[in-house]
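Residue-level structural notes
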Amino acid sequence: MKCYKKDYPRPQFVRNQWVNLNGRWEFGFDDDNVGEKERWFHEFPEMKKINVPFAYETKLSGIEDETVHHYVWYHTKFEIPEPSQKQKLMLHFEGSDFITKVWVNGEYAGEHKGGYSRFSFEISNLLKKGTNTLTVKVEDSLDPRQPRGKQRWMPENFGCWYIQTTGIWKTVWMEYVPEISLSHVKMTPDLESGTLDIEYDLSIPDYIVSSELEVEAVVFFDGDTVARNRVMVDRDIIRTIIDLRSVHSKKAQWGVFMWSPSDPQLYDIEFRVYYKGVQQDLVASYFGMREIRIDGPNVLLNGEPLYQRLILDQGYWMDSQLTPPDEEALIKDIDKIMELGYNGLRKHQKTEDERFLYWCDVKGMLVWSEAPSSYVYTDYSVELFIKEWIDIVKQNYNHPSIITWTPINESWGMPKIETNRTQQHFSEAIYHITKSLDNSRPVIVNDGWEHTVSDIITLHDYDQSGEDMLEKYINYHDEIMDTRKYHCHNKSAFANGFEYKGQPVIISEYGGTAFVNDEDGWGYGDKVSSEKEFLERFEALTMAIKKIPYVCGYCYTQVTDVQQEVNGLMDIHRNFKADARAIKEINERGRF
């Protein structure tokens, strides 16, 4: 895309002037929590060095200490030639877990609570000419009320929960922003009408005369200008619609270029803010024209039935855990997943680096976007989850590759939902909050079992016999859907008081087969001893699901091994365990 800049952290909202602060920082543990009292933000004590953005638990951080430290500090310096009166300097954190406090030149800039979404501070009034200091304190814990995803809340790994990630784990960067500027743009494609609905959120000083302020969108495809729209700004948030249909286009048969996995066509778009006819701000972006909707038992993409061949992707790496070692690692994962014959992935318990979503958009990889779970139900956990989930949806809304929101997995954080009406209300609230922000995508509020309200009924089933799985879902469809028969051990498809209403059905976790090896670790069912045995089981399970007439997709567990969970199609170093061509052939055989 025209807006692409390598390593740029926010690829759908791009400005030219930015500074990457990743690199070697000073770092220290504050186990006695004395740093604030001793004013480390004024005089930072010499302790350790760390490679930002890697968490101290990882090898790439340069520290590799897996023990729990609840309070950690960071310190770095940056240069400002001359503070500008006409530009703001924004400091962005792509992800820092969990409570992050920030000081610039010893002055408090602000704090943020949450571990997975982006947050920012304007630091313009804290700057000075020359060398400036940035000091960060992060407070984290093993509190299961926090949205923590796959981070353990016990001192050691257990089950499918892994080493904790503390503090900064995504890019830290700065951006120069004009005084009159765009804060956010929300883009919603309407394929039926061939239009793009745009909502602008602007930052406008009080002295500006609104009648002389305008915002313009210019749309390009393959280098050609295809649409232009300019509107007067009379308030901070305005909406407009751009008609993309072109009867004169020799490239688009129906006037609009559509995005799909087989042909992921994307438009470039530029947003320009003018005051008194002079350009004040320029932001580059892109979008895809696609429609995802439910039609009875089918999921439709651009009006055609979509059979989803997904794989569970937890986004872990050997030496950096949740943080990708570089942008090339993200691209490599997508390419490997496509090499295995999958058309999509379920990003599990993680809000991934946004560059990953950019490459999914460009390459045509479908994505289910999932929230990191908390693991107990309290008023505090509800408050934390709702706030962070809203931030995640708003942050990633514009990516065409995201076709489904999956806020909760397997009743994590609401363990009594089957019978507890309070927890059921919470799940319903999350569904409706998500739909109020985005009514264009399906929402699966509790993936796997014990559904309340959901646009797709998803079932997790780790039966290791294809024959048994086929027989269960063919012969006991009604019993599973009315919960007379539990599909997964002691778990039912619906919570008490809720019923099946004809939605699409997807087996959204299955497989998880591990190989026998010399290492500790687990998979689902008995381990296989050879590639031949693995492929036979993989084929039996996958083809059994494809033979279930009312099931319109599946999600295999999983892309790679992760720490003690050794059931990936690749090991943690991204080496295939079985012939990728054979797996691809099975995935692509039959069902659309």
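Our structure's up above, just so we're on the same page.
My aim in this report is to walk through the structure given alongside it, one point at a time.

Reading the values: rules and limits
Per chain, residues are indexed from 1 in the order of the written sequence. At least 70 in pLDDT is required for a residue's local features to be given in this predicted model, at least 80 for side-chain atom pairs to be given and counted, and no such filter applies to totals for whole chains, interfaces and linings, which use all residues. Side-chain numbers come from the whole structure's heavy atoms, not from hydrogens or water. DSSP-based pairing: two strands are paired if at least 2 bridges between them are found. A run of H or I in DSSP becomes a helix once it reaches four residues, and a run of E becomes a strand once it reaches two; helices and strands are each numbered from the N terminus. The axes used here are C-alpha line fits, helices contributing only the stretch in contact, and every angle between their N-to-C directions lies in the interval 0 to 180 degrees. In a helix, the anticipated span is given by 1.5 Å times the number of residues less one. Only protein chains enter the accessibility calculation, which uses a 1.4 Å probe; a residue is then buried when its area is under 20% of its type maximum, exposed when over 50%, and partly exposed in between. We call two residues in contact when some of their heavy atoms are within 4.5 Å. Remark: nonpolar core denotes a set of buried residues (Ala, Val, Leu, Ile, Met, Phe, Trp, Tyr, Cys) joined through side-chain atoms within 4.5 Å. Here is the rule for angles: anything less than 35 degrees is roughly parallel, anything more than 145 is roughly antiparallel, 65 through 115 is roughly perpendicular, and the remaining ranges are oblique. Handedness of a crossing follows from how the near helix is turned relative to the far one, being left-handed for an anticlockwise turn of less than a right angle and right-handed for a clockwise one. The residue classification treats Ala, Val, Leu, Ile, Met, Phe, Trp, Tyr, Cys and Pro as nonpolar and Asp, Glu, Lys and Arg as charged. All others, Gly included, are polar. By definition, no residue in a patch forms a salt bridge, and every one has over 30% relative accessible area; like charges are joined within 9 Å, nonpolar side chains (Val, Leu, Ile, Met, Phe, Trp, Tyr) within 5 Å. Only the protein chains shown count as covering a residue, and every accessible area follows the Shrake-Rupley method with a 1.4 Å probe. Here, a salt bridge means any Lys or Arg side-chain nitrogen found within 4 Å of an Asp or Glu carboxyl oxygen. Note on charges: Lys and Arg go in the positive column, Asp and Glu in the negative column, and His and the chain ends are not counted at all. Taken as the charge centre is NZ of Lys, CZ of Arg, CG of Asp or CD of Glu, depending on the residue. Polar contacts, as used here, are pairs of N or O atoms within 3.5 Å; protein pairs need one atom able to donate a hydrogen and one able to accept it. Residues neighboring in sequence count only if both atoms are side-chain atoms. Whether two aromatic rings pair depends on their centres lying within 6.5 Å, for rings of Phe, Tyr and Trp, where Trp uses its six-membered ring; planes under 30 degrees apart make the pair stacked, over 60 edge-to-face, and the rest tilted. In this scheme, Lys NZ or Arg CZ marks a charge over a ring once it lies within 6 Å of the ring centre and within 35 degrees of the ring normal.

Looking at the sheet that holds strand β16 (residues 224-232)
An order of β16-β15-β18-β19 is seen for the four strands of this open sheet, with the pairing classed as antiparallel. Each edge of the sheet is formed by a strand with only one pairing partner; in this case those strands are β16 and β19 (278-287). The average angle at which neighbouring strand axes cross in this sheet is 15 degrees, direction not considered.

Observations concerning helix α3 (residues 379-396)
Spanning 18 residues, α3 covers 26 Å between terminal C-alpha atoms, matching the ideal 26 Å at 1.5 Å per step. Among all positions of α3, only S381, V382, L384, F385, E388, W389, I392, V393, Q395 and N396 are buried. Close packing links the buried residues of α3 with β8 (107-113), α2 (354-363), β25 (366-370), β26 (402-406) and α4 (421-437).

Some remarks on the nonpolar core
Counting 89 residues, the largest nonpolar core has Y342, L459, Y510, F534 and I583 as its most contacted members. When residues of this core are assigned to their parent elements, the largest contribution, six residues, is made by helix α7 (residues 531-546). One finds V215, V233, F287 and M289 within the second-largest nonpolar core, a separate group that totals 32 residues.

Concerning the packing of α3 against α4
Running from N to C, α3 and α4 point in directions that differ by 25 degrees, and their axes come no closer than 10 Å. When the axis of α3 is compared with that of α4, the two are roughly parallel. Pair α3 / α4 crosses with right-handed handedness. Here V382, F385, I386, W389, I390 and V393 of α3 lie close against α4, whose contacting residues are F426, I430, I433, T434 and L437. For the contact of α3 with α4, a count of residues per class yields ten nonpolar, one polar and no charged.

A word on a negative patch on the surface
On the surface, a cluster of negative charge is contributed by E64, E66, E156 and D319. Topologically, E66 is positioned in the loop between β3 (48-52) and β4 (71-80).

Comments concerning the side chain of Q558
Tracing the backbone through its elements, the reader meets Q558 in the loop between β29 (551-557) and α8 (580-588). At 2.7 Å, the side chain of Q558 and the side chain of Q314 are in polar contact. Each residue touching Q558, except ones within four places of it in the same chain, is listed here: I311, L312, Q314, E565, N567, G568 and L569.

Examining the pattern of salt bridges
Evaluated as defined, the whole model comprises 45 salt bridges. Between R346 and D447 there is a salt bridge, and its shortest N-O distance comes to 3.0 Å. With R346 in strand β24 (residues 344-347) and D447 in the loop between α4 and β27 (457-460), this pair connects stretches of sequence that are 101 residues apart. A relative accessible area of 0% means that R346 is categorised as buried. Judged by its relative accessible area of 0%, D447 falls in the buried class. In this structure, D391 and K387 form a salt bridge, with 3.2 Å as the shortest nitrogen-oxygen distance. Residue D391 and its partner K387 are both found in helix α3; the two are separated by four residues, about one turn of the helix. Judged by its relative accessible area of 42%, K387 is partly exposed.

Quick word on the environment of N105
Within the secondary structure layout, N105 lies in the loop between β7 (99-104) and β8. Beyond its immediate sequence surroundings of up to four residues, N105 is in contact with L126, L127, K128, T131, N132 and T133. At a separation of 2.7 Å, a polar atom in the side chain of N105 contacts the side chain of N132. Polar side-chain contacts of N105 include one of 2.9 Å to the backbone nitrogen of T133.

Digging into the environment of G149
Here G149 lies in the loop between β10 (130-139) and β11 (167-168). In the structure, G149 is positioned 259 residues away from I408 in sequence and 10 Å away in space, judged by C-alpha atoms. In contact with G149, not counting residues within four places along its chain, are Y116, W161, Q349, P372, S373 and Y375.

Brief notes about the packing of aromatic side chains
Within this structure, the stated rule accounts for 46 aromatic pairs. Ring centres of Y510 and Y556 lie 5.2 Å apart, and the angle between their planes is 85 degrees; on these two criteria the pair is classed as edge-to-face. Highlighted residues: Y510 in strand β28 (residues 505-511) and Y556 in strand β29, separated in sequence by 46 residues. The burial state of Y510 is the same as that of Y556; both residues are buried. Grouped by ring-pair contacts, the aromatic residues Y307, Y510, F515, F534, F538, Y554 and Y556 constitute a single cluster. A cation sits over an aromatic face here: K2 above F220, 3.7 Å from the ring centre. Lying across the ring of Y397, R441 places its NZ or CZ 5.4 Å from the centre.

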